[in-house]
Amino acid sequence: METTKTILKISELINSNDNNKALDLLDKLIEFKSHATTKDSHQSWYTLLKRFKAFYVDHINGNIKSVDNIPFSVFKHGNGKHPFINYSTIPVTNCPGAGKCVDYCYSKNSMRFPLAVCSWLQNQILENHYFNLIEISFNNFINQSKYKKAIQNKGFVNFRLYNDGDFRTIEILKQWMELLRSYESSVKCYGYTKSLHFLKALAIEKFNFPNNYLTNISLGGRYDALKDSTLIKNLSIYRGEFISHKMDKVFKTSKGYQKQDYKEIRQAYKKDKIFICPLVCNSCSGAGHACGSDVFKDKKIIIPIHG
């Protein structure tokens, strides 16, 4: 049984509310993982999938009433590579704008980690049915002492919306914008999206976006043709394009950039204003991290497709 493929199918079935089929496939995956020698570990696939199943069954039976019923953390602390609060759902199945990017999707690589996968599946259900619990969880999360102290000292905390996944529906997008509006004085949020059709629809609707969110138009999706739409470019949340560039040779982040890599990228975009992603978030510049900064508005941020 191929784990990533199975998880993506379970996610798809959950989104379509085909609960019996989703549970059946989930049970098969749990049984498959039960043969692992590490199955009794508290971090094993077997253990964590059973925890997710209990939550899913509670959802089906109408027993999700409060944040106490949520088994996994909805939001995550940052790390050395990505030092911001972040939120994710399952990639691909929750990315309506996904296109050729599926072939090199970095988030799929993270689907080897059971805790990440189970929390993403949980968050998918929360987005679809219990957004009020996401709101409560966010408030609880940023009221931890480390973030209260950061807000006191800097005036804000950074939040990346969708480290993995994307806005699956326009209703979910609107709900996130309303949540962020409540934290305009204390949270700076940024993200990447291929759901350009939703942005265009909200531009036509004249939707009022919060002033603490910036989005990067992530190319490689099915709606790339909308990237030059003035409706999207004139949105207050528009930062610019984020492009995954296919290098002539396989690019390994462990080796970092070589002089030839910079030369190749600059040659490919010689007519454009560009900024080459340094690969580690928040190490970009003295002006802050480029993807979440107005200083880099309209610049194309380039990152090599990497393994």
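Numbering of residues begins from 1 in every chain and follows the order in which that chain's sequence is written. Two thresholds apply to this predicted model, a pLDDT of at least 70 for residue-level local features and 80 or more for giving and counting side-chain atom pairs, whereas whole-chain, interface and lining totals are computed over all residues. Hydrogens and water are ignored here; the side-chain numbers use all heavy atoms of the structure.

Undergrad: Quick one: what's the story with the overall build of the protein chain, residue by residue and with numbers?
TA: Every helix listed is a DSSP run of H or I at least four residues long, and every strand listed is a run of E at least two residues long, numbered separately from the N terminus. A count of helical and extended segments in the protein chain gives eleven helices and seven strands. In terms of C-alpha radius of gyration, the protein chain reaches 20 Å, essentially the compact-globule figure of 19 Å for 307 residues. Its C-alpha atoms give the protein chain principal-axis dimensions of roughly 55 × 45 × 40 Å. Throughout this description, buried means an accessible area under 20% of the type-specific maximum (1.4 Å probe, protein chains only), exposed means over 50%, and partly exposed covers the range between. Expressed as a percentage of the 307 residues in the protein chain, the buried residues total 51%. With residues, only the protein chains shown are counted as cover, and all accessible areas are computed by Shrake-Rupley using a 1.4 Å probe. Counting every atom, the protein chain has about 15000 Å² of accessible surface; 50% of that belongs to carbon and sulfur. In the protein chain, which carries 44 positive and 27 negative side-chain charges, the distance between the mean positions of the two groups comes to 7 Å. Taken over C-alpha atoms, the radius of gyration is set against a globule rule of 2.2 Å times the number of residues to the power 0.38. When charges are counted, neither His nor the chain ends are considered; positive counts come from Lys and Arg and negative counts from Asp and Glu. The atom standing in for a charge is NZ when the residue is Lys, CZ when it is Arg, CG when it is Asp and CD when it is Glu.

Undergrad: Outline the packing of aromatic side chains, listing residues and values.
TA: The aromatic pairing rule takes the rings of Phe, Tyr and Trp, using the six-membered ring of Trp, and pairs them if the centres are within 6.5 Å, calling planes under 30 degrees apart stacked, those over 60 edge-to-face and the rest tilted. Taken as a whole and judged by the stated rule, the model has 24 aromatic pairs. Here the aromatic rings of F75 and F141 are separated by 6.0 Å at their centres, their planes lie at 45°, and the arrangement is tilted. Taken together, the positions of F75 in the loop between α3 (45-60) and β1 (85-88) and F141 in helix α6 (residues 131-142) put the pair 66 residues apart, joining distant regions of the chain. We classify F75 as buried; its relative accessible area is 1%. F141 sits in the buried class, given a relative accessible area of 8%. An angle of 65° between the planes, with centres 4.9 Å apart, marks the rings of F275 and F296 as edge-to-face. Residue F275 is located in strand β6 (residues 274-276), and its partner F296 is located in the loop between β6 and β7 (300-304); the two are separated by 21 residues in the primary sequence. Neither residue differs from the other here; F275 and F296 are each classed as buried.

Undergrad: For the pairing of strand β2 (residues 157-164), give the residues involved together with the corresponding values.
TA: The element β2 is extensively covered by neighbouring structure, given that seven of its eight residues are classed as buried. By this definition, two strands are paired if DSSP reports at least two bridges between them. As paired strands, β1 and β2 are joined by four bridges and run parallel to one another. The residue of β2 that forms the bridge with I85 is F159. As defined by bridge partners, β2 adjoins strand β3 (residues 187-193) across five bridges and the pair is classed as parallel. Within β3, the position partnered with L161 by the bridge is G191.

Undergrad: Describe in detail the side chain of S44, supporting the description with residues and values.
TA: You can see S44 is positioned in the loop between α2 (19-33) and α3. Any pair of nitrogen or oxygen atoms within 3.5 Å is treated as a polar contact; in protein, a donor-acceptor pairing is required on top of that, and neighbouring residues in sequence qualify only through side-chain atoms on both sides. Side-chain polar atoms of S44 contact the backbone oxygen of S41, separated by 3.0 Å. Residues count as neighbours in contact if any of their non-hydrogen atoms are within 4.5 Å of one another. With residues near it in sequence (within four places) discarded, S44 still touches T38, K39 and P114.

Undergrad: Mind laying out the nonpolar core, listing which residues take part and the relevant values?
TA: Residues belong to a common nonpolar core when they are buried Ala, Val, Leu, Ile, Met, Phe, Trp, Tyr or Cys residues joined through side-chain atoms within 4.5 Å. Grouped together as the largest cluster of nonpolar side chains are 93 residues, with contacts concentrated most on F52, F75, F159, L161, W176 and M177. Not counting chain neighbours up to four residues away, the residues in contact with W176 comprise F75, Y87, E127, F131, I134, F159, L161, Y162 and F167.

Undergrad: Could you give an account of helix α5 (residues 114-129), naming the residues involved and the relevant values?
TA: Because the α-helix completes a turn every 3.6 residues, residues three or four places apart line up on one side. The terminal C-alpha atoms of α5, which comprises 16 residues, lie 23 Å apart, in line with the 22 Å expected from a rise of 1.5 Å per residue. With 13 of its 16 residues buried, α5 lies for the most part within the structure. The length a helix should cover is 1.5 Å for every residue beyond the first.

Undergrad: Would you mind going over unusual backbone geometry in detail, with residue names and values included?
TA: Look at L279: it is not a glycine, yet its phi comes out positive at around 85°. Along the chain, L279 turns up in the loop between β6 and β7.

Undergrad: Explain the environment of I276 to me, using residue names and the numbers behind them.
TA: The residue I276 is located in strand β6 in this model. I276 gets classed as buried once you look at its relative accessible area, which sits at 13%. Non-local contacts of I276, meaning those with residues more than four positions away in its chain, are made with Y257, Y262, I265, R266 and I302.

Undergrad: Before we move on, could you go through helix α8 (residues 170-181) and cite the residues and values that matter?
TA: When the terminal C-alpha atoms of α8 are compared, their 17 Å separation across twelve residues agrees well with the 16 Å that a helix rising 1.5 Å per residue should span. Within the span of α8, buried status applies to I170, I172, L173, W176, M177, L179 and L180.

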